[in-house]
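Coordinate inspection notes
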Amino acid sequence: MDPKGKVAIVTGGASGLGLASAEALIARGAKVVICDLPGSPGEEVGRRIGARFVAADVTSEAAMRAVVEAAEAAGPLRILIHCAGRGGAQRLVDRDGNPAPLEQFEAVIRVNLIGTFNALRLAAASMARTEPEDGERGVAVLTASVAAYEGQIGQIPYSASKAGVVGMTIVAARDLASRLIRVCTIAPGIFDTPLLGKLPEPARASLSASVPHPARLGQPREFAQLAVQIVENQMLNGETIRLDGAIRMTPR
């Protein structure tokens, strides 16, 4: 699918992978609606890059319906790039022998997995109502993580949520095939996002050195480059693609 003139939604679009993806789509002539949490710099980012911003929590049905409606106001919705997510360290049993709080696990699952399902189902329903162009109606690109495969100690909620997104991918692609909608997922490794930007330089250097080649942090523009390629290449469907410089995470 050629992004030029197409309407796209990018979740988590105020920073990091989402912002880079929105910029890449706009550079190719797409009309983009970004959403991010209230209180994010989304309004200013939208003005700067030429996108419309809608404040939304991806776990809210009403909020995400408003995002889809904003996109539909610009034309038929064709593209979803879902980058919104959160981390959350948690061990099954703490140092005092207490079990992990269930609420913390539920919170991460709700944002990363239920939020993905919520965004995908609403965007797909909108795409399904459109007329096909060049044999397809729409494309959804989801975001997992290499932690879905090699979660480290303390990553149980995050790894479980991202593994859920990986498991969702082929099923969603098969489910939506009759609607002419493709679904793929990107599983990034260690990327230079605002979260990692808060780390001290020695920690960043250590993370960079852990990547076999190239021995550096991934750049958001590289994620965006792959996301756009998925949109453009009709044979990419039902696949989760690792984007990680060949890293395989160690237990710690």
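What you see is a predicted model, and the numbers here were worked out from it, not measured in a lab.

1. Here's the deal with the overall build of the chain
Counting its regular elements, the chain contains eight helices and seven strands. Against the 2.2 N^0.38 benchmark of 18 Å for 252 residues, the chain shows a C-alpha radius of gyration of 18 Å, consistent with a compact globule. For the chain, the C-alpha atoms occupy an extent of roughly 55 × 35 × 35 Å along the three principal directions. Taking contacts inside the chain between residues at least 6 apart in sequence as the whole, the part at least 24 apart equals 71%. Of the roughly 11,800 Å² of accessible surface on the chain, 55% is carried by carbon and sulfur atoms. In the chain, which carries 27 positive and 25 negative side-chain charges, the distance between the mean positions of the two groups comes to 1 Å.

2. Topic: the sheet that holds strand 1 (residues 7-11)
Ordered by their spatial adjacency, seven strands build an open sheet running 3-2-1-4-5-6-7, and the pairing between neighbours is parallel. Of all strands in the sheet, those bounded by a partner on one side alone are strand 3 (52-55) and strand 7 (240-243). Strand-to-strand twist in this sheet, taken as the mean axis angle between neighbours without regard to direction, amounts to 20°. In this sheet, strand 7 lies alongside strand 6 (residues 181-188) in parallel orientation, the contact comprising four bridges. Counted as the bridge partner of T185 is T240 from strand 7. Helix 4 (residues 102-128) rests against strand 4 (77-82), strand 5 (138-143) and strand 6 of the sheet, and its axis sits at about 170° to strand 4.

3. Remarks on the pairing of strand 3
With four bridges joining them, strand 2 (residues 31-36) and strand 3 adopt parallel strand pairing. Considered in strand 3, the bridge of I34 is made with F53. Handedness of the crossover is the feature at issue here: the chain leaves strand 2, passes through helix 2 (residues 42-49), returns alongside strand 3, and the resulting connection is right-handed.

4. Here's the deal with the pattern of salt bridges
Summed over all chains, the structure comprises 15 salt bridges. The salt bridge partner of E136 is R182, with a shortest N-O separation of 2.8 Å. You can see E136 sitting in the loop between helix 4 and strand 5 and its partner R182 sitting in strand 6, a full 46 residues away along the chain. For E136, a relative accessible area of 4% puts it in the buried group.

5. Structural notes on unusual backbone geometry
The residue after H213, namely P214, is reached through a cis peptide bond having omega 0°. Relative to the helices and strands, P214 resides in the loop between helix 7 (201-209) and helix 8 (220-232). Not every positive phi belongs to a glycine, and D134 is a case in point at roughly 55°. Take D134: it is sitting in the loop between helix 4 and strand 5. The class for D134 is exposed, based on a relative accessible area of 71%. The residue L180 is not glycine, and still its phi comes out positive at about 65°. Taking relative accessible area as the criterion, L180 reaches 32% and is therefore assigned partly exposed.

6. Focus: the packing of helix 1 (residues 16-27) against helix 2
Between helix 1 and helix 2, whose axes approach to 11 Å, the crossing angle comes to 25°. When the axis of helix 1 is compared with that of helix 2, the two are roughly parallel. The chirality of how helix 1 crosses helix 2 is right-handed. The residues of helix 2 that touch helix 1, namely those facing L19, A22, E23 and I26, are V45, R48 and I49. In the contact of helix 1 with helix 2, the residues fall into five nonpolar, no polar and two charged.

Each value, and the rule that gives it
Along each chain, the written sequence defines residue order, and numbers are assigned to residues from 1. Restriction of local features to residues with pLDDT of at least 70 applies here, the model being predicted, together with a cutoff of 80 or more for giving and counting side-chain atom pairs; totals for whole chains, interfaces and linings are based on all residues. Computation of side-chain values: all heavy atoms of the structure, hydrogens and water removed. For the purposes of this entry, the term helix denotes a DSSP run of H or I that reaches at least four residues, the term strand denotes a run of E that reaches at least two, and both are numbered from the N terminus. What the globule rule says is 2.2 Å times the number of residues to the power 0.38, and the radius of gyration is computed from C-alpha atoms. Contact criterion: two residues are considered in contact whenever any of their non-hydrogen atoms come within 4.5 Å of each other. Areas reported as accessible are Shrake-Rupley estimates using a 1.4 Å probe. Residue values count occlusion only from the protein chains shown. His is not counted, nor are the chain ends; Lys and Arg add positive charge and Asp and Glu add negative charge. Charge positions are represented by NZ for Lys, CZ for Arg, CG for Asp and CD for Glu. Strands qualify as paired when DSSP identifies two bridges or more between them. Lines fitted to the C-alpha atoms define the axes, with helices restricted to the stretch that makes contact. Angles between their N-to-C directions range from 0 to 180 degrees. For crossovers, right-handed means that the path from the first strand over the helix to the second runs clockwise, given strands pointing away from the viewer. The rule for a salt bridge is simple: a side-chain nitrogen of Lys or Arg has to be within 4 Å of a carboxyl oxygen of Asp or Glu. Remark: exposure states derive from per-residue accessible area (1.4 Å probe, protein chains only) relative to the maximum for the residue type, with buried under 20%, exposed over 50%, and partly exposed in between. Angle categories are assigned with fixed cut-offs, so that under 35 degrees is roughly parallel, over 145 is roughly antiparallel, 65 to 115 is roughly perpendicular, and the rest are oblique. Whether a crossing is left-handed or right-handed is set by the direction in which the near helix is turned from the far one by less than a right angle, anticlockwise for left-handed and clockwise for right-handed. Each residue gets one label: Ala, Val, Leu, Ile, Met, Phe, Trp, Tyr, Cys and Pro are nonpolar, Asp, Glu, Lys and Arg are charged, and the others, such as Gly, are polar.

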